[in-house]
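Remarks on the overall topology
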Amino acid sequence: MGLLRAFIAVEFPHKIQQAIFKATATFRQATGSLIRWVPPENMHLTLKFLGDISPASVDLLTQMLRAEADSVHCFDMHVSGFGSFPSPKRPRVIYIGIQAPAGLEALQRGIESASRRLGYESEERAFSPHLTIGRARQDVSASAGQEIRQALEHFHIDSLGTARVDSVHLFK
């Protein structure tokens with residue numbers, strides 16, 4: 001059996017996914033095909049990207065994940081805000097913001113540390129909780145990039161709700 005592409009993430013309730021889809025409708029219409037949109041049902045908060053893993057690693061990763069998740073109490077995350085990475089002038093990733101208590105940071109650090117002990121590479125970038133909703137197409141022209149930037153400048157999102165984090169999943 002071949003390698004599996006895997007990551008560890010928090011799923012969001014259908015209600016929040018639909019609220020995001022509805023709140024971003026005018027932005028999606030304004031930018032159209034310039035951005036590859038993430039289907040609402042695929043929106044998640046990535047805690048750790050593992051890359052290609054052996055199927056034999058799944059049980060060990062699941063045990064590690066269970067231990068790390070059990071060490072943190074359930075908490076709520078507030079979904080609000082809107083932005084882009086790496087910057088508004090160079091929008092590559094379009095995201096919805098997440099405000100969460102220290103429990104999220106502790107959970108992510110624990111998973112990162114335990115993954116490193118299992119031989120997975122550490123993430124060099126600081127953890128920045130967000131929900132990716134779209135990615136600018138790589139072949140966009142300078143004028144299309146300007147359209148995206150202008151749409152970003154004129155669009156904002158307030159609160160979209162709160163999501164309870166009571167489980168973490170290994171996706172493959």
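First, a word on scope: everything that follows refers to the structure included in this document. (Residues numbered from 1 in each chain as written. Predicted model: local features only at pLDDT ≥ 70, side-chain atom pairs only at ≥ 80, totals over all residues. Heavy atoms only, no water.)

1. Quick look at the overall build of the chain
For the chain, the count of helices and strands is five helices and eight strands. When the helices and strands of the chain are placed in sequence order, the string is β-α-α-β-β-α-β-β-α-β-α-β-β. Summarising the internal contacts of the chain: among those between residues at least 6 apart in sequence, 83% fall at separations of at least 24. As displayed, the chain has an accessible area near 9900 Å², and 50% of this comes from carbon and sulfur atoms. (Helix = DSSP H or I, 4+ residues; strand = E, 2+ residues; numbered from the N terminus. Contact = heavy atoms within 4.5 Å. Areas by Shrake-Rupley, 256 points an atom, 1.4 Å probe, with all protein chains shown as cover.)

2. Looking at the nonpolar core
Judged by nonpolar contacts, the single largest core of 45 residues is most densely connected at Phe-12, Ile-20, Leu-45, Leu-47, Met-77, Phe-82 and Ile-96. If sequence neighbours within four positions are ignored, Met-77 has contacts with Val-10, Phe-12, Leu-45, Ile-98, Gln-99, Ala-100, Leu-104, Gly-161, Thr-162, Ala-163 and Val-165. (Core = buried A, V, L, I, M, F, W, Y, C linked by side-chain atoms within 4.5 Å. Buried < 20%, exposed > 50% of the residue type's maximum accessible area, 1.4 Å probe, protein only.)

3. Concerning the sheet that holds strand β3 (residues 44–53)
The antiparallel open sheet is built from three strands, whose spatial order is β3-β1-β8. Unpaired on one side and paired on the other, β3 and β8 (169–171) mark the two borders of the sheet. Each strand axis lies, on average, 25° off the axis of its neighbour in the sheet, ignoring direction. Note: strand β1 (residues 4–11) against β3, eight bridges, orientation antiparallel. Directly across from Arg-5, in β3, lies its bridge partner Asp-52. On the sheet, helix α3 (residues 58–70) packs against β1, β3 and β8 and is oriented at approximately 150° with respect to β8. (Pairing = 2+ DSSP bridges. Axes fitted to C-alpha atoms, helices over the stretch in contact; angles between N-to-C directions.)

4. Focus on the sheet that holds strand β5 (residues 90–99)
Read from one edge to the other, the open sheet built from five strands follows the order β2-β6-β5-β4-β7, with strand pairing classed as antiparallel. Strands at the two margins of the open sheet, each flanked by one partner only, are β2 (35–37) and β7 (159–165). Pairs of neighbouring strands in the sheet enclose a mean axial angle of 35°, with direction left out of account. For β5 and strand β6 (residues 130–136), the ladder comprises five bridges, and the chain directions are antiparallel. Bridging from a neighbouring strand, Tyr-95 pairs with Thr-132 of β6.

5. Remarks on the pattern of salt bridges
One pass over the full model with this rule turns up five salt bridges. We note a salt bridge from Arg-164 to Asp-76, for which the minimum N-O separation is 3.4 Å. With a gap of 88 residues between them, Arg-164 in strand β7 and Asp-76 in strand β4 (residues 75–87) connect regions that are remote in the sequence. A salt bridge links Glu-105 to Arg-109, with the shortest nitrogen-to-oxygen separation between them at 3.9 Å. With Glu-105 and Arg-109 both in helix α4 (residues 102–117) and four residues apart, this pair spans about one turn of that helix. (Salt bridge = Lys/Arg side-chain N within 4 Å of Asp/Glu carboxyl O.)

6. So, the side chain of Gln-17
Structurally, Gln-17 is set in helix α1 (residues 14–23). Take Gln-17: its relative accessible area is 8%, and that puts it in the buried class. A distance of 3.4 Å separates the side chain of Gln-17 from the backbone oxygen of Met-43, its partner in a polar contact. Every residue in contact with Gln-17, bar those within four places of it in the chain, is listed here: Phe-12, Pro-40, Glu-41 and Met-43. (Polar contact = N/O pair within 3.5 Å; in protein donor to acceptor, adjacent residues only side chain to side chain.)

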